[in-house]
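# Summary of the model geometry
Each chain is listed here by its residues.
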Amino acid sequence: MISSPLSGLARVVLLTACLLALGACSKKVEQEAPPRTVKLLTVGNSAASGRGETLPGEVRARTETSLGFRVAGKLLSRSAELGQSVHAGQVLAQLDPSDYRLGAQAAQAQVQAASTARNLAAADLKRFTALRDQGFISGAQLEKLQAQLQANEAQLQQAQAQAQVQSHQVQYGDLTADRAGIITAVLVEPGQVLTAGQAVVKLAQDGPRDVVFALPEGAQKSLPVGTAVTVRSWTASAAQGEQQWTGRVREVAASADAVTRTFSAKVALDAKQAQAPALGSTVRIVPPAASTPQRISLPLSAIKREAGQTTVWVYSPKTGQVQQRPVQTAAITGDTIDIQQGLQAGEQVVSAGVHTLTNGQKVQPYEGKPSTEGQAPAVPVGV
């Protein structure tokens, strides 16, 4: 059977149509990914003194000393109590003086023995000097007697010095306050056996008062030594009228605490002791706001560090995209970081999930839970 040319042409057309249909079925329809939902933060200026916040501090004496016995012994009694006001020379505690009194008696006995030997040597020298004048003894014998007298006098001086030391040991058994002040700590109780120099009580001496507070790491340069600050009462109510004092930063630690990573600082109060806040009370340190420069602060979650570069994601409301921008950072305070260069007030940056974005990516601001029912809520990046 011979096929016609028409039937062959129809076969070619049919085969071409099948191939086109198969090609159309194999193509995947590309769909544009929906915008990623992100949390945005509007950049604004804040004061470098902690965004207008105050710093808590504790009132302490300018000089606070730990008092202890200069000798070892068993604590017999303690008259000092916590919070007690004491005057200079007041006895605060006593050791058992029995052994030291016996030592003082032994030293006095040695003084008497040395004094007797000295007197005997002096009498011998006087008697033999007369014999030497009459020619009954030689000059060498007289010189030996003179040397013996000098040795006895030196022994007497030694015994007297030792007796004085023992007398001081007895006196050291009484712990006295060398300055007037307030007892801020009691560290031992009667009956304990103490070593020489062991602290018994802590004495806050009367005089100038300091406010001790902690500066966050990186913020110690914001309050250099000599800066004038305001100190306010922590507990005074508005009805009572807020109490406040003036002072200046007297000391800032050179290194941060190994545990808290804060810098210890002290403010010297200008008020006299009678007008100053009570020891141990908590007050607020208010840094000067007028001379405080403005700064831009961001949460640490908005910062991306990669390949030695620090960047943030800046959102453009016009295009709906985010662009990666390098910034220059400064001090870290708590969970925030200061931005020196790279951002302007009013710009919007992504505050979380910065490691999952790409440059030029379409995003939409997170506005909370959607009100439309039946739709799954969008989950923001990093939430």
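Along each chain, residue indices are assigned from 1 in the same order as the chain's sequence is written. Predicted model: local features are reported for residues with pLDDT of at least 70 only, side-chain atom pairs are reported and counted for 80 or more only, and whole-chain, interface and lining totals are derived from all residues. To get the side-chain values, take all heavy atoms of the structure and skip hydrogens and water.

## Quick notes on the side chain of Gln 166
With respect to the helices and strands, the residue Gln 166 is situated in helix 3 (residues 139–171). Think of it in three bands: residues with accessible area under 20% of the maximum for their type are buried, residues over 50% are exposed, and the middle band is partly exposed, with areas taken using a 1.4 Å probe on protein chains only. Accessibility expressed as a relative area gives 18% for Gln 166, which makes it buried. It only takes one pair of heavy atoms within 4.5 Å for two residues to be counted as in contact. Non-local contacts of Gln 166, meaning those with residues more than four positions away in its chain, are made with Tyr 100, Gly 103, Ala 104 and Ala 107. Every helix listed is a DSSP run of H or I at least four residues long, and every strand listed is a run of E at least two residues long, numbered separately from the N terminus.

## Concerning the packing of helix 2 (residues 98–134) against helix 3
Only C-alpha atoms enter the line fits that serve as axes; for helices the fit covers just the stretch in contact. Angles between N-to-C directions range over 0 to 180 degrees. Between helix 2 and helix 3, the shortest axis-to-axis distance is 8 Å and the interhelical angle comes to 165 degrees. By the angle class used here, helix 2 and helix 3 are roughly antiparallel. Our pair here, helix 2 against helix 3, has a crossing hand that is left-handed. Residues that form the contact of helix 2 with helix 3 fall into these classes: 17 nonpolar, 14 polar and five charged. Angles below 35 degrees are treated as roughly parallel, those above 145 as roughly antiparallel, those between 65 and 115 as roughly perpendicular, and all remaining angles as oblique. Handedness of each helix crossing follows the sense of rotation of the near helix against the far helix: counterclockwise by less than a right angle gives left-handed, clockwise gives right-handed. The residue classification treats Ala, Val, Leu, Ile, Met, Phe, Trp, Tyr, Cys and Pro as nonpolar and Asp, Glu, Lys and Arg as charged. All others, Gly included, are polar.

## Let's talk about the confidence of the model for the chain
Counting all residues, the mean pLDDT for the chain is 82, and 81% of those residues have values of 70 or more. Note that pLDDT drops below 50 for residues 370–383; the model gives that stretch 17 contacts with residues more than four away or on any other chain. Confidence per residue, as judged by the predictor, is encoded in pLDDT with a range of 0 to 100.

## A few points about helix 2
A helix is expected to span 1.5 Å for every residue after the first. The terminal C-alpha atoms of helix 2 lie 55 Å apart, and with 37 residues this matches the ideal 54 Å at 1.5 Å per residue to within 8%. If you check which residues of helix 2 are buried, you get Tyr 100, Ala 104, Ala 107, Val 111, Ala 114, Ala 121, Asp 124 and Leu 125. Of the surrounding elements, those touching the buried residues of helix 2 are helix 3. Where helix 2 terminates, the next one or two residues include Gly 135, which has phi positive at roughly 85 degrees.

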